[in-house]
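Read off the chains here:
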Amino acid sequence: MEKAGRHKIEPNLHGLSGQKTGQAPGFSYTDSNRNKGISWGEETLMWYMENPKKYIRGTKMIFMGIKKMAERADLTYLRKATNE
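Each chain has its residues counted from 1, following the order in which its sequence is written. Only residues with pLDDT of at least 70 are given local features in this predicted model, and only at 80 or more are side-chain atom pairs given and counted; all residues enter the totals for whole chains, interfaces and linings. As a convention, hydrogens and water are excluded, and side-chain values are obtained from all of the structure's heavy atoms.

## Here's the deal with the overall build of the protein
Thinking step 1. Helices and strands together make up the secondary structure of the protein, namely 5 helices and 0 strands.
Thinking step 2. What counts as a helix is a DSSP run of H or I of at least four residues, what counts as a strand is a run of E of at least two, and both are numbered from the N terminus. Element order for the protein, N to C, with α for helix and β for strand: α-α-α-α-α.
Thinking step 3. Throughout, radius of gyration means the C-alpha value; the globule benchmark is 2.2 Å times the number of residues raised to the power 0.38. Scaling as 2.2 N^0.38, a compact globule of 84 residues should have a C-alpha radius of gyration of about 12 Å, and the protein matches this with 12 Å.
Thinking step 4. By its C-alpha atoms, the protein is 35 × 30 × 20 Å across when sized along the principal axes.
Thinking step 5. Counting over 84 residues, the protein shows a buried share of 32%.
Thinking step 6. Any pair of residues with heavy atoms lying within 4.5 Å of one another is described as a contacting pair. Long-range pairs, those at least 24 residues apart, make up 32% of the contacts in the protein between residues at least 6 apart in sequence.
Thinking step 7. When the accessible surface of the protein is summed, it comes to about 5,800 Å², and 55% of that surface belongs to carbon and sulfur atoms.
Thinking step 8. His is not counted, nor are the chain ends; Lys and Arg add positive charge and Asp and Glu add negative charge. Where a charge sits is defined by one atom per residue type, namely NZ (Lys), CZ (Arg), CG (Asp) or CD (Glu). A gap of 5 Å separates the mean positions of the 15 positive and 9 negative side-chain charges of the protein. Burial classes: relative accessible area under 20% of the type maximum marks a residue as buried, over 50% as exposed, and values in between as partly exposed (1.4 Å probe, protein chains only). To measure how exposed things are, a 1.4 Å probe is used in the Shrake-Rupley method; for residues, cover is taken only from the protein chains shown.

It is worth stressing that arrangement in space is one thing and function is another; only the former is reported here.
Listed below in C-alpha cells is the structure:
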C-alpha cells in the first residue's frame, strides 16, 4: 500500500480508490480484470472482497473472500491507507 511501492503477488494498492480495475501500470492482469470497467470504491471493494472470483469472473486472484459483511466492513481502513 506504499506510494510508489512495488507490485508483488497482487498489485500495489496505493491509490486504489477511484482507480479502474486492471489498470495499475506494470502489473499483469487477466482480460477479465482489465475489461470489468468499474472504478474501485467502498461499495465495489465490499462486493469484490465477498467473493473475488464471482465479482470478476476469470480473475487469477487466489483470495477466497470474506463472507461476513461485518468482517469486510473492518477492512474500510484500506480506503484511507491506500490513498495517503
